[in-house]
Amino acid sequence: AQSVTQLGSHVSVSEGALVLLRCNYSSSVPPYLFWYVQYPNQGLQLLLKYTSAATLVKGINGFEAEFKKSETSFHLTKPSAHMSDAAEYFCAVTVKAAGNKLTFGGGTRVLVKP
Amino acid sequence: GAVVSQHPSRVICKSGTSVKIECRSLDFQATTMFWYRQFPKQSLMLMATSNEGSKATYEQGVEKDKFLINHASLTLSTLTVTSAHPEDSSFYICSASLGGSNQPQHFGDGTRLSIL
């Protein structure tokens, strides 16, 4: 079975500073990895996905993530935080045999300070 | 593209009432739809996986007679919470996928269910 660990349930960054959200996965077969963002009282919006093509994936809103097999990581970054980045972020993993069923990490809440 | 519409966004009703939540994929045909429950400040908990024309597959611990799922077409799935009680109060979210593990799930905006 697959699993995802997001280190840090809360992250606080200053506006304009680097955003780094950590995600480590466990899977015995090649994974597909996703980052989603959730604003209060809303569903999840896809930020980006890794599906075995390029290891550096660029997503929406200036976010990107790098798949590192040796570290079993898929950390999410954004060079410069904006106030609108304050939200909950979820990393998720699936594999080919899982039938599109996602396993989510616990989430990281991002607070952006002015 | 890939828009999922979920209705209603909020429901407040009395204990014992049955509540139906609809999930529609507006601009694509969803091979599979998923239903999640999310408790405050927690991650999503998968309740069931639904494929068009077949019975839903429920996760362990989810009562299928309490949470009825119907997936009548490639664009519509419904979740009915039968005889709802206060402990069923939660945020319910649906998602839809084109199918294939490398395809992302697209999520609705969720339904806040409050049982009095």
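Structure: above.
A few points on the structure. (Residues numbered from 1 in each chain as written. Chains lettered and ligands numbered in written order. Predicted model: local features only at pLDDT ≥ 70, side-chain atom pairs only at ≥ 80, totals over all residues. Heavy atoms only, no water.)

## Remarks on the overall build of chain A
And then number 1: Along chain A, the regular secondary structure elements total 0 helices and 11 strands.
And then number 2: Tracing chain A from N to C terminus, the helices and strands come up as β-β-β-β-β-β-β-β-β-β-β.
And then number 3: Over its C-alpha atoms chain A spans a radius of gyration of 13 Å, differing by no more than 12% from the 13 Å that the globule rule assigns to 114 residues.
And then number 4: Burial status across chain A gives 43% buried among its 114 residues.
And then number 5: When contacts within chain A are restricted to residue pairs at least 6 apart in sequence, long-range pairs at least 24 apart make up 57% of them. (Helix = DSSP H or I, 4+ residues; strand = E, 2+ residues; numbered from the N terminus. Rg over C-alpha atoms; globule rule 2.2 N^0.38 Å. Buried < 20%, exposed > 50% of the residue type's maximum accessible area, 1.4 Å probe, protein only. Contact = heavy atoms within 4.5 Å.)

## Some thoughts on unusual backbone geometry
With glycine set apart, most residues show a phi of negative sign, and most peptide bonds adopt trans.
And then number 1: In this structure, the amide linkage connecting His 7 of chain B to the following residue, Pro 8 of chain B, adopts the cis form with an omega of -5 degrees.
And then number 2: Along the chain, Pro 8 of chain B falls in the loop between β1 (4-7) and β2 (10-13).
And then number 3: In the Ramachandran plot, Asn 61 of chain A falls in the positive-phi region, its phi being about 60 degrees despite a non-glycine side chain.
And then number 4: With respect to the element layout, Asn 61 of chain A can be found in the loop between β6 (56-58) and β7 (64-68).
And then number 5: Here Asn 61 of chain A falls in the partly exposed class, since its relative accessible area comes to 41%.

## Remarks on the packing of aromatic side chains
And then number 1: Per the stated rule, a full pass over the model turns up 13 aromatic pairs over all chains.
And then number 2: With a centroid separation of 6.3 Å and an interplanar angle of 90 degrees, the aromatic rings of Phe 90 of chain A and Phe 104 of chain A are classed as edge-to-face. Within this pair, whereas Phe 90 of chain A is found in strand β9 (residues 87-95), its partner Phe 104 of chain A is found in strand β10 (residues 103-104), the two being separated by 14 residues in sequence. By the burial criterion, Phe 90 of chain A is buried, and Phe 104 of chain A matches it.
And then number 3: Between Phe 67 of chain B and Tyr 92 of chain B, the ring centres sit 6.2 Å apart and the planes meet at 45 degrees, which makes this aromatic pair tilted. Separated by 25 residues along the polypeptide, Phe 67 of chain B in strand β7 (residues 67-73) and Tyr 92 of chain B in strand β9 (residues 90-97) bring together distant segments of the chain.
And then number 4: For Phe 67 of chain B, a relative accessible area of 6% gives the class buried.
And then number 5: In this structure Tyr 92 of chain B comes out as buried when scored by relative accessible area, which is 0%.
And then number 6: Ring pairs connect the aromatic residues Phe 34, Tyr 36, Phe 90 and Phe 104 of chain A together with Phe 34, Tyr 36 and Phe 107 of chain B, which therefore count as one cluster. (Phe/Tyr/Trp six-rings, centres within 6.5 Å; stacked < 30°, edge-to-face > 60°.)

## Examining the sheet that holds strand β1 (residues 3-7) of chain A
All names here are of chain A.
And then number 1: Here 5 strands make up an open sheet; going across it, the order is β1-β3-β8-β7-β6 and the pairing antiparallel. The open sheet has two free edges, formed respectively by β1 and β6, since each of these has just one partner strand. Ignoring which end each strand starts from, the neighbouring axes of this sheet average 20 degrees apart.
And then number 2: When β7 meets strand β8 (residues 73-78), the two strands line up antiparallel, connected through 5 bridges. Within β8, the position partnered with Ala 65 by the bridge is Leu 76. (Pairing = 2+ DSSP bridges. Axes fitted to C-alpha atoms, helices over the stretch in contact; angles between N-to-C directions.)

## Overview of the nonpolar core
And then number 1: Membership of the largest hydrophobic core comes to 26 residues, with the highest contact counts inside it found for Leu 21, Trp 35, Leu 47, Leu 48, Phe 74, Leu 76 and Tyr 89 of chain A.
And then number 2: Residue assignment for this core shows that the elements contributing at least two residues are β2 (10-14), β3 (19-26), β4 (31-38), β5 (44-50), β7, β8, β9 and β11 (108-113) of chain A.
And then number 3: Excluding its chain neighbours within four sequence positions, the residues that come into contact with Leu 47 of chain A are Trp 35, Tyr 36, Val 37, Gly 59, Ile 60, Asn 61, Phe 63, Leu 76 and Tyr 89 of chain A.
And then number 4: Of all hydrophobic cores here, the second largest spans 24 residues; its members include Cys 23, Ile 69, Tyr 92 and Leu 113 of chain B. (Core = buried A, V, L, I, M, F, W, Y, C linked by side-chain atoms within 4.5 Å.)

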